[in-house]
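# Architecture at a glance
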Amino acid sequence: MNIIAKIIIGLVTFIHIYIVWLEMFAWTTKAPKVFKTIPKDLFVPTKVLAANQGLYNGFLAAGLIWSLLICNPEWSKNIALFFLGCVAVAGIYGAITASKRILYVQTVPAVLGILAVLFL
């Protein structure tokens, strides 16, 4: 994989690590300032649900990190494409069901990563 693809994968990974932190550890403190479409009174009762969602975002980040650590170029590329595809699909679903902003925060970087892995 080329350096541009690796940088984009790193960016997508960072975004997901931040989401993990927000959803698992800062749901009732910092997350209300980020997720402004959710009424403030729902953060405490949804804390466990958010942590579960954060765990799934952690799996996405772990897969992207794994893709950067694989020495075999073909495997590295395939694993990166799989996890970037998962991020893109999750972002599209989130944009449809929760907030259109997710499309820009999650899907666009993942698609740019896919394009970089495939064509650069």
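Residues numbered from 1 in each chain as written. Predicted model: local features only at pLDDT ≥ 70, side-chain atom pairs only at ≥ 80, totals over all residues. Heavy atoms only, no water.

Looking only at helices and strands, one finds 5 helices and 0 strands in the protein chain. From first element to last, N terminus to C terminus, the protein chain shows the α and β order α-α-α-α-α. Relative to the globule expectation of 14 Å for 120 residues, the C-alpha radius of gyration of the protein chain, 15 Å, shows essentially globular dimensions. Overall, the protein chain is about 50 × 25 × 20 Å in size when its C-alpha atoms are taken along their principal axes. Across the 120 residues that make up the protein chain, the buried fraction comes to 36%. Contacts in the protein chain between residues at least 24 apart in sequence constitute 57% of all its contacts with a sequence separation of at least 6. Carbon and sulfur atoms form 74% of the exposed surface of the protein chain, whose accessible area is close to 7,400 Å². (Helix = DSSP H or I, 4+ residues; strand = E, 2+ residues; numbered from the N terminus. Rg over C-alpha atoms; globule rule 2.2 N^0.38 Å. Buried < 20%, exposed > 50% of the residue type's maximum accessible area, 1.4 Å probe, protein only. Contact = heavy atoms within 4.5 Å. Areas by Shrake-Rupley, 256 points an atom, 1.4 Å probe, with all protein chains shown as cover.)

Quick look at the environment of Val34 now. Position of Val34 relative to the elements: it lies in helix α2 (residues 31-34). Excluding its chain neighbours within four sequence positions, the residues that come into contact with Val34 are Tyr18, Leu22 and Arg101.

The next thing to look at is the packing of helix α1 (residues 3-25) against helix α4 (residues 73-97). Following both chains from N to C, one finds α1 and α4 inclined at 45°, their axes separated by 12 Å at the closest point. Comparing the axis directions of α1 and α4 gives the class oblique. For the pair α1 and α4, the sense of crossing is left-handed. Residue-level contacts link Ile9, Val12 and His16 of α1 to Ala80, Leu84 and Val87 of α4. (Axes fitted to C-alpha atoms, helices over the stretch in contact; angles between N-to-C directions. Parallel < 35°, antiparallel > 145°, perpendicular 65-115°, else oblique. Left-handed = near helix turned anticlockwise from the far one by under 90°.)

To continue, consider the UniProt feature "transmembrane region" (unreviewed entry) in the protein chain. Taking the UniProt record as the reference, the feature "transmembrane region" (unreviewed entry) is found at residues 7-28, 48-71, 78-96 and 102-119. Summarising residues 48-71: 92% helix, 0% strand, and an end-to-end C-alpha distance of 37 Å. Secondary structure across residues 102-119 comprises 100% helix and 0% strand; the distance between its end C-alpha atoms is 25 Å. (UniProt positions renumbered as here; feature names shortened; annotations may be inferred.)

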